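As a plain string of letters, each chain reads:
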Amino acid sequence: MPPERRPRRVMVMSNLITRPATATPADAIAGTQVAHDQRTTARPIDAIGGVAALPPVEPTAEPDAPPGAMSALQRWTLAAVCLATAILMLDIAVVNSALTSIAGSLDTGLTGVQWVVDAYTLALASVVLTAGSLADRFGRRRLFVAGTGLFTAASIACAAASSIEMLSASRAVQGIGAAVMFAVSLALLADAFPSERQRAGALAIYGATIGASFAIGPFVGGALTEGLSWRWIFLINVPIGLLCLAITVSRLRESRDPHPRRVDLPGQVFLTAGLFTLVLGLLRGNEQGWGSTSIVLLLGAAGASLAAFVAWELRAREPMFPLGMLRDPAFAGAQIAAFSISASLFAVFIYATLYLQQVLGLSPMEAGLFWVPATLVNLFAAGATASLVDRIGAGRLMAIGLALVATGLALMTGPGADASWEALLPASIIAMLGTGLFNPAVIAVALDVPQERSGLAAGINDTARQAGIAVGVAALGALIPASAGLGAADPTGFVDGLHDAYWVGAAVAATGAVASLALIRRKAA
């Protein structure tokens, strides 16, 4: 057993999504974040998906492995973390391809499928900061087991859902499990791989897992939905999750922080209540009327809860979100940018996929295949451009990426109700190219904070991403007329509303680009 040392906590998120996948972490498509404790500092490396590397730490002897080779503990840890990452990325990526089939099977409309996405991202955004604190206090392996078990059980519940309400509730539980897994997964790698050289190799494999899982996710989702049933997009998680649990329980070692932060329960309650009532009000506004009593009360409750969250965080001894961190213009700019890309491009994916299936008539597999070129462009652009952060400057690179996202969304307004999928493909590739440029840069800026705040910084960035997706799905969906349904009922009305959503999304992305240039003037260290 290696000598006692302070454990490290690392968290990678993909933003993705539910844009066809969050994810955000991820986040191959949505972005990748890294969190660790007060004695470490993250720096980006040229890895697939923009995964960030950890700095050197004290070496730990591994008596069962020759120099340069992985020990048994390291191999098992890497296997467990990569398996968990694969099911998280697949689950994010496969859902959008199945939304049309889910709607038909469970007899629901646009609001119902919106909740399939938002229930997951809301839970993830609300819980991820607290999940890291719990893991530090009670043990990373223990929490990883709990999160993986919860995610796997919730996947079974999703597959068995007989109503949209049951599916949405199960997706929320999935989101809680995913938050724990995201918050703990790389902490296990950091503990098992103490040397910089070995850790870099492990993170490269981890990043490849993120990118490959997300790239094939849309096709896998479409193939399972079309060949079997939409329920299989959740059932596929079960054997992988059980294998991951078996490895974790039998082969991985425990680690914890001897001086963990307190869990901020009031902050957790206020943040969850504020995000939930805001999204609920936005989703129901079209159906119940924006001036109706229920919508006014919901939006008022959202404002009051979020204001209470801010007030509490300003006075709490150990807040989950120290608002003083936003006094740093670069850090604040990174959160604005992360929120903007999630609330624009990743939020609109759900409606673009419905357009492909309901309006253009593509099958689930064909709709899944449509996104593969764009996700591959994102994957390779992130790896190829990570090294440009120091040369160009993170703020400029983020602005360029967001400008490309805005351009891609604006170009998506061209194809109409009678267009072909080929007309939409160039715009999707441009937007995802921008995402590939954006992710490595925002990671570097978000984590360029004092060492004792690095874990919090990564968690805050994850929260900004997932909250952006949840709010964006609800807000952009409000622009689509309720009478249009999923698109088949009134194709022209759906497309007109979708075009409005594209323009608003482009404006949000452009706002993020301006904020990046104005606030992020230093190069990431």
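Looking now at the overall build of the protein chain. For the protein chain, the count of helices and strands is 16 helices and three strands. Burial status across the protein chain gives 63% buried among its 525 residues. Accessible area of the protein chain: about 17,700 Å², with a carbon and sulfur share of 66%.

Within the secondary structure, T435 is located in helix α14 (residues 425–446). What makes T435 buried here is its relative accessible area of 0%. Counting along the chain gives 53 residues from T435 to A382, while the straight-line C-alpha distance between them is 7.8 Å.

What follows concerns unusual backbone geometry. A positive phi is found at D107, a non-glycine position, where the angle reads about 55°. Within the element layout of this structure, D107 appears in the loop between α1 (72–106) and α2 (110–138).

Counting 80 residues, the largest nonpolar core has L99, L167, Y351, Y355 and L356 as the members making the most contacts within it. Setting aside residues no more than four positions away along its own chain, Y351 makes contact with L110, Q114, V473, L476, G477, I480, F494 and L498. Counting 38 residues, the second-largest nonpolar core is a separate cluster that includes Y120, A131, L143 and I247.

A cluster of nonpolar residues, L150, V173 and I176, forms a patch on the protein surface that exposes about 190 Å² of accessible area. Position of I176 relative to the elements: it lies in helix α4 (residues 164–192). With relative accessibility at 33%, the residue I176 sits in the partly exposed group.

Of all the bends in α1, the greatest, near 55°, is centred on A98. Of all 35 residues in α1, 27 are buried, a share of seventy percent or more. Just beyond α1, the residue with positive phi is D107, at close to 55°.

So, about the packing of α1 against helix α10 (residues 329–359). Two measures define how a pair of helices packs: the angle their axes make with one another and the distance between the axes. Contact geometry for α1 and α10: axes closest at 9 Å, N-to-C directions at 50°. By the angle class used here, α1 and α10 are oblique. Between α1 and α10 lies a crossing whose hand is right-handed. Across from N96, S97, L99 and T100 in α1, the residues of α10 making contact are F349, I350, T353, L354, Q357 and Q358. A per-class count over the contact of α1 with α10 returns four nonpolar, six polar and no charged.

All right, on to the confidence of the model for the protein chain then. A residue-level look at the protein chain finds 82% of positions with pLDDT of 70 or above and a mean pLDDT of 78. Within the model, the stretch residues 1–64 combines pLDDT values under 50 with 289 contacts to residues more than four positions away or in other chains.

Okay, the packing of α10 against helix α16 (residues 491–519) next. Two elements in contact, α10 and α16, have axes whose closest approach is 9 Å; the angle formed by their N-to-C orientations is 160°. Between α10 and α16, the angle falls in the class roughly antiparallel. For α10 against α16, the interelement crossing comes out left-handed. In terms of residue class, the contact of α10 with α16 is made up of 21 nonpolar, six polar and no charged.

Before going further, it helps to spend a moment on the packing of aromatic side chains. Across all of its chains, the model carries six aromatic pairs by this definition. Ring centres of W115 and F276 lie 5.9 Å apart, and the angle between their planes is 40°; on these two criteria the pair is classed as tilted. In this pair, W115 is assigned in helix α2 and F276 in helix α8 (residues 265–288), connecting sequence segments 161 residues apart. In this structure W115 comes out as buried when scored by relative accessible area, which is 16%. With a centroid separation of 6.0 Å and an interplanar angle of 45°, the aromatic rings of F346 and F349 are classed as tilted. Of the two residues, F346 and F349 are both situated in helix α10; the distance of three residues between them amounts to about one turn of the helix. Taken together, the ring pairs in this structure connect F346, F349, F370, W371 and W421 into an aromatic cluster.

Analysis parameters
- Residues numbered from 1 in each chain as written.
- Predicted model: local features only at pLDDT ≥ 70, side-chain atom pairs only at ≥ 80, totals over all residues.
- Heavy atoms only, no water.
- Helix = DSSP H or I, 4+ residues; strand = E, 2+ residues; numbered from the N terminus.
- Buried < 20%, exposed > 50% of the residue type's maximum accessible area, 1.4 Å probe, protein only.
- Areas by Shrake-Rupley, 256 points an atom, 1.4 Å probe, with all protein chains shown as cover.
- Core = buried A, V, L, I, M, F, W, Y, C linked by side-chain atoms within 4.5 Å.
- Contact = heavy atoms within 4.5 Å.
- Patch = residues over 30% accessible without salt bridge, like charges linked within 9 Å, V, L, I, M, F, W, Y side chains within 5 Å.
- Salt bridge = Lys/Arg side-chain N within 4 Å of Asp/Glu carboxyl O.
- Bend = angle between axes of the 7 residues up to and from the residue.
- Axes fitted to C-alpha atoms, helices over the stretch in contact; angles between N-to-C directions.
- Parallel < 35°, antiparallel > 145°, perpendicular 65-115°, else oblique.
- Left-handed = near helix turned anticlockwise from the far one by under 90°.
- Nonpolar A, V, L, I, M, F, W, Y, C, P; charged D, E, K, R; others polar.
- pLDDT = per-residue confidence, 0-100.
- Phe/Tyr/Trp six-rings, centres within 6.5 Å; stacked < 30°, edge-to-face > 60°.

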